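Chain and residue survey
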Protein chains: 2
Amino acid sequence: MPESFDHLRVNRDRLWNSLMAMAEIGATASGGSHRLALSDEDGEARHLLIGWCGEAGAEVAIDHVGNIFARHPGSDPGLAPVVIGSHLDTQPMGGRFDGVLGVLAALEILRTLREFGVTTRHPIELVDWTNEEGARFAPAMIGSGVFAGLQDEAQALDVRDSENLCFGGELKRIGFAGPGPVGGRPIAAYFELHIEQGPILEAEGLEIGVVTHAQGVRWFDVTIEGAAGHAGTTPMNRRRDALLGAVRAVDLVSDVARAHGPDAVATVGQLSVRPGSRNVIPGSVTLTIDARHPDGTVLARMADELASRIGTVVASPGLTVRVDEVLSFDPTAFDQSCVAAVRSTAEQCGYGHRDMVSGGGHDACNIARIAPATMIFCPCVDGISHSEAEDIRPEWANAGANVLLHAALEKAGIAG
Amino acid sequence: MPESFDHLRVNRDRLWNSLMAMAEIGATASGGSHRLALSDEDGEARHLLIGWCGEAGAEVAIDHVGNIFARHPGSDPGLAPVVIGSHLDTQPMGGRFDGVLGVLAALEILRTLREFGVTTRHPIELVDWTNEEGARFAPAMIGSGVFAGLQDEAQALDVRDSENLCFGGELKRIGFAGPGPVGGRPIAAYFELHIEQGPILEAEGLEIGVVTHAQGVRWFDVTIEGAAGHAGTTPMNRRRDALLGAVRAVDLVSDVARAHGPDAVATVGQLSVRPGSRNVIPGSVTLTIDARHPDGTVLARMADELASRIGTVVASPGLTVRVDEVLSFDPTAFDQSCVAAVRSTAEQCGYGHRDMVSGGGHDACNIARIAPATMIFCPCVDGISHSEAEDIRPEWANAGANVLLHAALEKAGIAG
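Residues numbered from 1 in each chain as written. Chains lettered and ligands numbered in written order. Predicted model: local features only at pLDDT ≥ 70, side-chain atom pairs only at ≥ 80, totals over all residues. Heavy atoms only, no water.

1. Some points on the interface of chain A and chain B
Across the contact, 55 residues belong to chain A and 53 residues belong to chain B. Between chain A and chain B, a total of about 4,600 Å² is buried, with carbon and sulfur atoms accounting for 56% of that surface. Considering only the side of chain A, the residues that lose the most area to chain B are Met236(A), Arg278(A) and His386(A), jointly responsible for 18% of the buried surface there. Joining chain A to chain B, the criterion identifies four salt bridges. The partner of Asp251(A) in a salt bridge is Arg248(B), and the shortest N-O contact between them spans 2.6 Å. Taken together, the links from chain A to chain B amount to 16 residue pairs in polar contact (both at pLDDT 80 or more). For the side of chain A that touches chain B, the secondary-structure elements that each account for two or more residues are strand E7 (216-225), helix H8 (242-259), strand E9 (265-267), strand E10 (271-274), strand E11 (280-281) and strand E12 (284-293) of chain A. Examining the composition of the side of chain A that touches chain B, we find that nine residues originate from one element, H8(A), more than from any other. Classifying every residue of the side of chain A that touches chain B gives 24 nonpolar, 20 polar and eleven charged. (Contact = heavy atoms within 4.5 Å. Buried area = accessible area lost by both parts, 1.4 Å probe. Salt bridge = Lys/Arg side-chain N within 4 Å of Asp/Glu carboxyl O. Polar contact = N/O pair within 3.5 Å; in protein donor to acceptor, adjacent residues only side chain to side chain. Helix = DSSP H or I, 4+ residues; strand = E, 2+ residues; numbered from the N terminus. Nonpolar A, V, L, I, M, F, W, Y, C, P; charged D, E, K, R; others polar.)

This is the structure we're talking about:
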């Protein structure tokens, strides 16, 4: 009969110190992290992670799109791994914990297993997925998307950033175009620890969110074309000012979200004016739309309304509008057995918990398409995320890592 | 009694060929001109002009800030000159006619006067003002500004470009730091032929704009601060989205312009969203306002309305607004006698004409502070300017030059 590791706990301070060391890479003046996917800083973060994984005795593998895996071997070589992790890339001027917590909690688990000589039946693999944020290279979640067969590898490698640098070239440049094929192998279970990125857990004084579903997401790029012209010499009634159309689109996005109830959200996060000179009438504007809802039917209705009404609200005389969908992500119902493992683990560890819906898209949503998967949330201060002000407490990170440890152990099994 | 030159006309093809030859200097791939002030190209253009002026028998003088004058002598040495001209420098990747037309039409007039042996009572002087565009050295209109005593000569010579090269040094480098004092001498009348840089004349099928006023200009920078947040997890009613405030400001700018009649224009030409990520709620937005009106009282009212109402329209809960004025330029009422000379000349030549307000700032606005001055507009295709696509027709250049000729002759008088 296998030894019981029920009272095994991660090392809270070691986890916290690793988080703080990682936050030094791309550190911003206001206490955040700026570590865009495949930037020099992302490369430096990856090297730091790999060094730590090696010290923890894990075997590191990198695939063609730069996903990093670090394996704590299992006793039965024929069994698929239990995978735990998240991502190290950040938003521009983003926070220190979004994604990073899930990767470094996974590292802390590898360290703990080795420290206490725990042998599991299934291997346990840490993963760092490439380009979760999508801030530099759209769409988001390219690494897990290609892994799960939801995105094409060749297309992913050819994606361009705003300076026309391509994903594959930048991956090579930072030395992380690995030799391994992407995906095509079974995963026994996938757990991703992540900050909530919302205010609920902290407000209710709970340590753990048991994530049962994730919202669906639709992303659109909107281009409005008018005509540039001299700001001093073109009368108001002869203008084709693309920005005056764009403001109607921004209002529409907000209106559509509000019309679909408290669970609906929609955002214009980017808006660029060209030529962008103070005395030139805007000739064209590009903007993005992010629309989300946990119910796929409602989300489809929101997307239809946006696409069908935008032409009408924007198209004052002389303006043209083009709408391109760049991402459509169905709502996710996470694996019930994995969800139950998280819930019972939180209970056994004595942590306050509640069931939750994830508002963000996460790599776990991609992996849930091909394997049993779920997420674990921990609180974040004031619900702030995607911001330099993003913050958590060491106890919250510790609780999340302990639940991750025992959920993974439950699925991996202790070797007899 | 002096001979009548009422039927004198410029040489259309000679004028056009000179325009095309000048456009070769700094020619761009897309048919524009790139000839920044005091660049090698500006130097080359100046040498070409001076050579042509010499061939036309004019006496060339250059002052300390590089303004070039070329004089057709008058019969009465005690009389002040009638000055005609504009500038040879261009916007970056700019057009072939903005400024250049006014200088080369003046050259064509010197040539015509010499060809037909016309002796005027007042001298007629061509001028090429240094650095009208202000694209390389800010502010704009330095040459005419120093000439009119509106800018300090020593400060002007010390202005730096973005590579920290100074105006005085670059002027010397291209060989145009002349010996003559800047200004301090009377001008009998000043006429500047320029492309309209707007769509009105072409749309109405007219050859000549009789410019009665130049608009005043006010520039503002607006900063709207809200709170960045996660686009998926922040409910609509908890957001402080700076872009939702900014769109109210854009509407206000347009509304204020429309409320002040056909002569009022106002433009938001730049708008930047921060952090500018598609799944992050905009935490702050900066935008620019350019407001113009030919009547200083109305312009002041527009500026007051913008400044006082923007706080109210933008400040939905949780947003703050700051408005900074960055430029204020008073309107110009051009000299009524010069304006009348242009109008009657256009009429006598049989050209379709209308009174107009100049939307842009021009050297003529500076000279109007110290001498009787006005401008003559000719159409440009689709109103496009400050662009490689800027274009005019040879007939339009010809009509403008003929009006410039006869307006100048009216003020200079024919020697008896």
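So, next bit.
2. Overview of the nonpolar core
All names here are of chain A. With 101 residues, the main nonpolar core has Leu104 and Phe191 as its most contacted residues. Considering each element in turn, this core owes the most residues, eleven residues, to helix H12 (residues 394-412). In contact with Leu104, other than residues within four places in its own chain, are Leu15, Ser18, Leu19, Met22, Leu49 and Trp52. (Core = buried A, V, L, I, M, F, W, Y, C linked by side-chain atoms within 4.5 Å. Buried < 20%, exposed > 50% of the residue type's maximum accessible area, 1.4 Å probe, protein only.)

3. Considering empty space enclosed by the protein
For the structure shown, the criterion picks out three cavities of 30 Å³ or more. The volume enclosed by the largest cavity comes to roughly 140 Å³. Surrounding the largest cavity, 17 residues form its lining, Glu132(A), Arg292(A), Gly360(A), Gly361(A) and Asn279(B) being those nearest its centre. In the lining of the largest cavity, the residues fall into five nonpolar, eight polar and four charged. Considered as a void within the structure, the second largest cavity measures approximately 60 Å³ in volume. Elements with a contribution of two residues or more to the lining of the second largest cavity: H8 and E9 of chain A together with helix H8 (242-259) of chain B. (1 Å grid on protein atoms, 1.4 Å probe; cavity = no way out; pocket = protein on both sides within 12 Å on 5 of 7 lines; lining within 4 Å. Points joined across faces, edges and corners; volume = space filled by probe spheres on them.)

4. Quick word on the state of the cysteines
Residue and element names in this part refer to chain B. Taken as a whole, this structure holds zero disulfides over all chains when the rule is applied. We note that Cys53 lacks a disulfide partner, and the nearest cysteine sulfur, in Cys378, lies 20 Å from it. Taking the relative accessible area as the measure of exposure, Cys53 reaches 1% and is therefore buried. Between Cys365, a free cysteine, and Cys338, which holds the nearest cysteine sulfur, the sulfur-to-sulfur gap is 14 Å. On the accessibility criterion, Cys365 (1% relative accessible area) is buried. (Disulfide = S-S within 2.5 Å.)

In short, shape yes, function no, at least from these values alone.
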